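Notes for the structure review
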Amino acid sequence: MIPVRSATVADASRCAEIYAPFVTDGWVSFELDAPDPDEMAGRIAKALNSHDWLVAERDGAVLGYAYGSEHRTRGAYQTSCDVAVYIDPGQARQGLGRALYEALLPRLKARKIHAAFAGIALPNEASIALHRAMGFELVGTYKEVGWKMGGWRDVAWFQRLL
Ligand SMILES: CC(C)(COP(=O)(O)OP(=O)(O)OC[C@H]1O[C@@H](n2cnc3c(N)ncnc32)[C@H](O)[C@@H]1OP(=O)(O)O)[C@@H](O)C(=O)NCCC(=O)NCCS
């Protein structure tokens, strides 16, 4: 059993540390600059207010996190959200991603979220496999929707109804 709990802003530094390589070393994230702990604290606070932000920890160490965020701004979209999950690369394939989503998705449903979306920059075999394992289905692929590290990048969108 992997302990999963709601994040606090005190988790911001560790979440920023986990996230940074996915910004700087490739295009898993489409951000161009890794957020600092202050920026991450703001994101955590916002997500806790609107959706949720969870961390998975073992022996007091945060090993990964997952959160929900707004899908689109207009009113009728507010029953949908985006989800994302990031695991410390040294801790992959130990059930952390699954544990985070198994906790996050019911919490989003309890907040009256009906549909969860995940945009996965390609290629990302692990993320596609995790989302399929969690019941997400492919909606379609945005071709060449982003430019990062000298190339066009595609994003596959997956969704699950809650
Ligand atoms: C994608 C990611 C979140 C998966 O997290 P994880 O903790 O390693 O995944 P889990 O151990 O919970 O795996 C759950 C299931 O997902 C699938 N899966 C996960 N990683 C996989 C891999 N590398 N290859 C194939 N299937 C995989 C399997 O079905 C697995 O179940 P199993 O281990 O019983 O076979 C993690 O690899 C990660 O953080 N990657 C980098 C960041 C990222 O891509 N985030 C998603 C952005 S859209």
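Because the structure is a prediction, the values reported are computed rather than measured.

**Details of the pattern of salt bridges**
Tallied over the full model, the rule gives seven salt bridges. In this structure, Arg 5 and Asp 11 form a salt bridge, with 2.9 Å as the shortest nitrogen-oxygen distance. Residue class for Arg 5 comes out partly exposed when judged on its relative accessible area of 27%. The exposure class assigned to Asp 11 is buried, which follows from its relative accessible area of 7%. The partner of Arg 14 in a salt bridge is Asp 88, and the shortest N-O contact between them spans 2.9 Å. Placement of Arg 14 in helix H1 (residues 12-24) and of Asp 88 in the loop between strand E4 (80-87) and helix H3 (96-110) is noted, with a sequence separation of 74 residues between them. The structure contains a network of salt bridges with shared partners spanning Arg 5, Asp 11 and Glu 57.

**A short note on the site of the ligand**
The ligand sits among 20 residues. The nearest are Val 85, Arg 93, Gly 95, Gly 97 and Asn 124. Val 85 has a polar backbone atom sitting 2.7 Å from a nitrogen atom of the ligand. Contact between the ligand and Gln 94: an oxygen atom at 3.2 Å from a main-chain N or O atom of the residue. Against a free-state accessible area of 920 Å², the protein chains account for coverage of 77% of the ligand. For the shell around the ligand, the elements supplying multiple residues, two or more each, are E4, H3, strand E5 (115-121) and helix H4 (125-133). Ranked by residues supplied to the shell around the ligand, first place goes to H4 with five residues. By residue class, the composition of the shell around the ligand is twelve nonpolar, six polar and two charged.

**A few points about the pairing of strand E2 (residues 52-58)**
Summarising burial for E2: six of the seven residues are buried, a large majority. Bridge analysis of strand E1 (residues 4-6) against E2 gives three bridges, and the strand direction is antiparallel. Its bridge partner lying in E2, Ser 6 is registered against Leu 54. Relative to strand E3 (residues 61-70), E2 is paired through seven bridges, and the arrangement is antiparallel. If you follow Arg 58 over to E3, its bridge partner there is Ala 61.

About the criteria used
- Residues numbered from 1 in each chain as written.
- Predicted model: local features only at pLDDT ≥ 70, side-chain atom pairs only at ≥ 80, totals over all residues.
- Heavy atoms only, no water.
- Salt bridge = Lys/Arg side-chain N within 4 Å of Asp/Glu carboxyl O.
- Buried < 20%, exposed > 50% of the residue type's maximum accessible area, 1.4 Å probe, protein only.
- Helix = DSSP H or I, 4+ residues; strand = E, 2+ residues; numbered from the N terminus.
- Near = heavy atom within 4 Å.
- Polar contact = N/O pair within 3.5 Å; in protein donor to acceptor, adjacent residues only side chain to side chain.
- Areas by Shrake-Rupley, 256 points an atom, 1.4 Å probe, with all protein chains shown as cover.
- Nonpolar A, V, L, I, M, F, W, Y, C, P; charged D, E, K, R; others polar.
- Pairing = 2+ DSSP bridges.

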